[in-house]
Amino acid sequence: MEQLIQSLKKDFKEKGFDIVEPFRVNDYNGAAIHKLNNFGIEDSTGIIIGCTKNFWPHFEKYIKRINNVPKDPMNCFVIDTIEGVIENNQEIKSFEFEIRYDFNSPSSGKYVHIQTCGHFAGVASYDKDVMWSIHPTYGLWFVFRSCVIIKINFQGDSPKLPPTDLLSQSEKDEMKRYTQIAIDEGWINLETRLKIRDACPIGREYRYEGNMFDYFYPLKKSSKSVLESLISIENNIIHDNK
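Since the model is a prediction, treat every value here as computed from it, not as a measurement.

Undergrad: It is not clear to me how the pairing of strand 2 (residues 44–51) should be interpreted in this structure. Could you clarify?
TA: For a regular strand, side chains alternate in direction, first toward one face of the sheet and then toward the other. In terms of residue burial, strand 2 counts as a mostly covered element, since eight of its eight residues are buried. As defined by bridge partners, strand 1 (residues 19–24) adjoins strand 2 across six bridges and the pair is classed as antiparallel. Of the residues in strand 2, the one forming a bridge with Val20 is Ile49. Taken together, the eight bridges between strand 2 and strand 6 (residues 143–153) define a ladder with antiparallel strand orientation. Counted as the bridge partner of Gly50 is Phe144 from strand 6.

Undergrad: Would you mind showing me how to read the packing of helix 1 (residues 2–13) against helix 4 (residues 73–88) here?
TA: To characterise two packed helices, one gives the angle between the axes of the helices and the distance between these axes. Running from N to C, helix 1 and helix 4 point in directions that differ by 135°, and their axes come no closer than 10 Å. What the angle tells us is that helix 1 and helix 4 run oblique. Every pair of crossing elements has a handedness; the one defined by helix 1 and helix 4 is right-handed. Contacts between helix 1 and helix 4 pair Leu8, Asp11 and Phe12 from the former with Ile82, Val85 and Ile86 from the latter. Partitioned by chemical class, the residues of the contact of helix 1 with helix 4 number five nonpolar, no polar and one charged.

Parameters and conventions
- Residues numbered from 1 in each chain as written.
- Predicted model: local features only at pLDDT ≥ 70, side-chain atom pairs only at ≥ 80, totals over all residues.
- Heavy atoms only, no water.
- Buried < 20%, exposed > 50% of the residue type's maximum accessible area, 1.4 Å probe, protein only.
- Helix = DSSP H or I, 4+ residues; strand = E, 2+ residues; numbered from the N terminus.
- Pairing = 2+ DSSP bridges.
- Axes fitted to C-alpha atoms, helices over the stretch in contact; angles between N-to-C directions.
- Parallel < 35°, antiparallel > 145°, perpendicular 65-115°, else oblique.
- Left-handed = near helix turned anticlockwise from the far one by under 90°.
- Contact = heavy atoms within 4.5 Å.
- Nonpolar A, V, L, I, M, F, W, Y, C, P; charged D, E, K, R; others polar.

Right, dumping it as structure tokens:
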């Protein structure tokens, strides 16, 4: 199993997904309402996949390659990248597996509470009090994108759970306050959503910037226009080189 995990870590990192860690599916299933597939074995293995801002150049490259802006560009990129890595990884071919994404709905039958996966993988503490996963290095400036469940028994002890005392009570209260405001607003106010992340003092050096910031927090321009600008610049470069 260790060889498989190290192989996936290497392959995903090359594509900008720098959070790849295993977790015990039984740990997740013991805490979550929506269960993961254990494939009929005693203790199958899950792998959480996520990223920090390091994925952005790969996303830009993807948009330039397809030369258009799809309906849901980020999800299209995530699916293309994750399934591409899995398909080309030689170690995983020997095993039965299932991929689930953070955007799968409960009605799809593939819903996963992705923060709980990250918690039991020891990556980031899911704080139910503030309703956010907090990474000891990245704070809130990261995202879980997917998990892969593999039909192989988990080996060894469960991963050590992440620290839960990363924030002071006043910092947690500030996050809770803005989160409640965001809920009351229906999550449509981007400035409120940004204030939640900025209320966490950890990981500020990983805060999004430039085109990445404008895409996720389109306060001055639309997300679509950010990507259309990338395509336009790329096409101009190609034209000038002809």
